[in-house]
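So the chains spell out like this:
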Amino acid sequence: GGGEGATLREVLKHKTVEKVVMVEIDGELVELCTEYLPQWNRCDDIQGSTEICFDDPRAQVDFRDAFAWFIDSFGDKDNLKDEQFDVIIMDALDPDRFVDIVGSLYKNDLFVQSLFNGLKDDGVFVVQLGETDYVDDPPYQSMAPDTALMLDTIKSAGFDSMVNYENPHCFFGAPWTFMVSFKNYNTRSRWYRSSAEIEIDLHSRILSTKSGKPPLRYIDGSSMAEQQTPRPALERVYCRKSKLPWECQYDWFGVDLSSRAIHIAPATWNLMQSNKSGSGMAELLDLAKSTNFIPLGDQYMILGTGEDTPLSDNMADGKVPVYSPIFERHLRSLIVSKS
């Protein structure tokens, strides 16, 4: 998707991008947008780019059915026909709760599985979910069945973790919600970087402009860090599912986990694995292996298996749920306050 060129424009602002493949079924739409919506697809102010984003040498614009192409190229994980991607952005019709025709995009398990297969091992998939939830909205299953179906399909494809974020600057008349899915659980650590770390990355990887104007209008380290924690409204809609998730059955504000957790920075954990002697490293590593080891964001949380907590009761494998706004929000808040 993305025939108007705006998503392509934003991707091309990153100097780390070597190649962008835009698959659009409607070539005539691209021509019309180039002529009548130039503000959406002009890259003439980006250093090193071209006047029209579609002409950037890093951009490969293919006019074909992305649905059929992904299935043909990546439908068989043992026989991939094209190079896998680091990131896939699905800028197609969102699973709007008032439009029936878009459901077909999310009812084909083979298509979603081909998206998963089309990503490298640490790949990331991004898709829009539509208008942001309100606190009194019913669950997706009743008001937005296509959204519920899409979430279940993405989860069953094999993604290790899925998180939401919202953007109020889409000019759709309301804030918009997006889903980020991580093929590898450890990739989450980049999502949960601090605002300072994100800001440093933005300055090092975003191309400057010829005019001297800021290349990014709405995004900086602080605004991205704010998107890490789901809003309470999303949590409440999630917990209105007919089959109540286990994490919705606990009063998270009444559970004291801070005294039962050890927080270890990733650099320290890597040092523990490479240097098993000195400074209590060996003892700490043995403790980690004998307990529920939960990697979360930019730190690690280790919970004793014998403790009677919601986590130890339901997380014998030591992993957080693949998709759970309530779990994401409360456990992230715990770690941030503890740090």
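About the thresholds
Residues numbered from 1 in each chain as written. Predicted model: local features only at pLDDT ≥ 70, side-chain atom pairs only at ≥ 80, totals over all residues. Heavy atoms only, no water. Phe/Tyr/Trp six-rings, centres within 6.5 Å; stacked < 30°, edge-to-face > 60°. Helix = DSSP H or I, 4+ residues; strand = E, 2+ residues; numbered from the N terminus. Buried < 20%, exposed > 50% of the residue type's maximum accessible area, 1.4 Å probe, protein only. Core = buried A, V, L, I, M, F, W, Y, C linked by side-chain atoms within 4.5 Å. Contact = heavy atoms within 4.5 Å. Pairing = 2+ DSSP bridges. Axes fitted to C-alpha atoms, helices over the stretch in contact; angles between N-to-C directions. Expected span 1.5 Å × (residues − 1). Salt bridge = Lys/Arg side-chain N within 4 Å of Asp/Glu carboxyl O. Parallel < 35°, antiparallel > 145°, perpendicular 65-115°, else oblique. Left-handed = near helix turned anticlockwise from the far one by under 90°. Nonpolar A, V, L, I, M, F, W, Y, C, P; charged D, E, K, R; others polar. Disulfide = S-S within 2.5 Å.

Another point: the packing of aromatic side chains. Counting across every chain of the model gives 12 aromatic pairs. Taking the centre distance of 6.2 Å and the plane angle of 65 degrees together, the rings of Phe74 and Phe85 count as edge-to-face. Of this pair, Phe74 sits in helix 4 (residues 66-74) while Phe85 sits in strand 3 (residues 85-90); the two residues are 11 residues apart in sequence, bridging distant segments of the chain. Pair check on accessibility: Phe74 and Phe85 agree, each one buried. Here Tyr165 and Trp191 contribute two aromatic rings whose centre-to-centre distance is 5.7 Å and whose plane-to-plane angle is 50 degrees, an arrangement assigned as tilted.

In this section: the nonpolar core. Judged by nonpolar contacts, the single largest core of 31 residues is most densely connected at Phe70, Phe125 and Ile154. If you list the elements that add at least two residues to this core, you get helix 4, strand 3, helix 5 (109-117), strand 4 (119-131), helix 7 (145-157) and helix 11 (232-238). Element by element, the count of residues in this core is highest for helix 7, at five residues. Discounting chain neighbours no more than four positions away, the residues touching Phe125 are Ile88, Met90, Leu115, Leu119, Ile154, Phe159, Met179, Val180 and Ser181. Judged by nonpolar contacts, the second largest core, of 13 residues, contains Leu8, Ile46, Cys53 and Ala59.

What follows is about the pairing of strand 6 (residues 176-182). Note on strand geometry: in a regular strand, side chains alternate between the two faces of the sheet. Across the seven residues that make up strand 6, a large majority, seven, are buried. Both faces of strand 6 are covered, namely the face carrying Trp176, Phe178, Val180 and Phe182 and the face carrying Thr177, Met179 and Ser181. Relative to strand 6, strand 4 runs antiparallel, the two sharing seven bridges. Each residue of the ladder has a partner; that of Val127, found in strand 6, is Met179. As paired strands, strand 5 (residues 161-167) and strand 6 are joined by seven bridges and run antiparallel to one another. Following the sheet pairing, Asn164 is matched in strand 6 by Met179.

Pairing is mixed across the open sheet formed by four strands, whose spatial order is 3-4-6-5. Looking at the sheet topology across the chains shown, the edges are occupied by strand 3 and strand 5. Looking at each pair of strands side by side, their axes are set apart by 20 degrees on average, direction ignored. As defined by bridge partners, strand 3 adjoins strand 4 across five bridges and the pair is classed as parallel. Its bridge partner lying in strand 4, Met90 is registered against Val127. Packing against the sheet, helix 7 makes contact with strand 4, strand 5 and strand 6, and its axis sits at approximately 175 degrees to strand 4.

With that out of the way, let us pick up helix 7. If you check helix 7, its first and last C-alpha atoms are 18 Å apart, about what 13 residues at 1.5 Å a residue would give, namely 18 Å. All of the buried residues in helix 7 are Asp146, Thr147, Ala148, Met150, Leu151, Thr153, Ile154 and Ala157. Phi turns positive one or two residues past the end of helix 7, at Gly158, with a value near 120 degrees.

Following the criterion strictly, the structure yields 11 salt bridges and no others. Across the pair Lys13 and Glu10 runs a salt bridge, and its minimum N-O distance is 3.0 Å. According to the relative accessible area criterion, Lys13 is buried, its value standing at 11%. The salt bridge partner of Arg231 is Glu166, with a shortest N-O separation of 2.6 Å. Remark: Glu166 occurs in strand 5 and Arg231 occurs in the loop between helix 10 (221-226) and helix 11; sequence separation between them is 65 residues. A single salt-bridge network, built from bridges that share partners, covers Arg9, Glu10 and Lys13.

Along the chain, the position of Leu115 falls in helix 5. For Leu115, a relative accessible area of 3% translates into the label buried. As a C-alpha pair, Leu115 and Phe74 span 41 residues in sequence and 7.2 Å in three-dimensional space. Leu115 has contacts with Phe70, Ile88, Met90 and Phe125, leaving out every residue within four places of it along the chain.

Let us now look at the packing of helix 4 against helix 5. When two helices pack together, their arrangement is captured by the angle between the axes and the distance separating the axes. Here helix 4 crosses helix 5 at 60 degrees, and the two axes come no closer than 8 Å. Considering their axes alone, helix 4 and helix 5 lie oblique with respect to each other. In the crossing of helix 4 with helix 5, the sense of the turn from one axis to the other is left-handed. Between helix 4 and helix 5, the residues in contact are Ala66, Phe67, Phe70, Ile71 and Phe74 and Leu110, Phe111, Ser114, Leu115 and Asn117, respectively. Residue composition of the contact of helix 4 with helix 5, grouped by class: eight nonpolar, two polar and no charged.

Here we come to the state of the cysteines. Here, the word disulfide means a covalent bond between the sulfur atoms of two cysteines. Enumeration over the complete set of coordinates arrives at two disulfides. Each disulfide pairs two cysteine sulfurs, and for Cys239 the partner residue is Cys248, the sulfurs being separated by 2.0 Å. Residues Cys239 and Cys248 share a disulfide whose torsion about the S-S bond is about -80 degrees; that sign makes it left-handed. Among the residues examined, Cys248 registers a relative accessible area of 16% and is labelled buried. With cysteine numbering restricted to those in disulfides and following the sequence, the protein chain has the pairing 1-2, 3-4.

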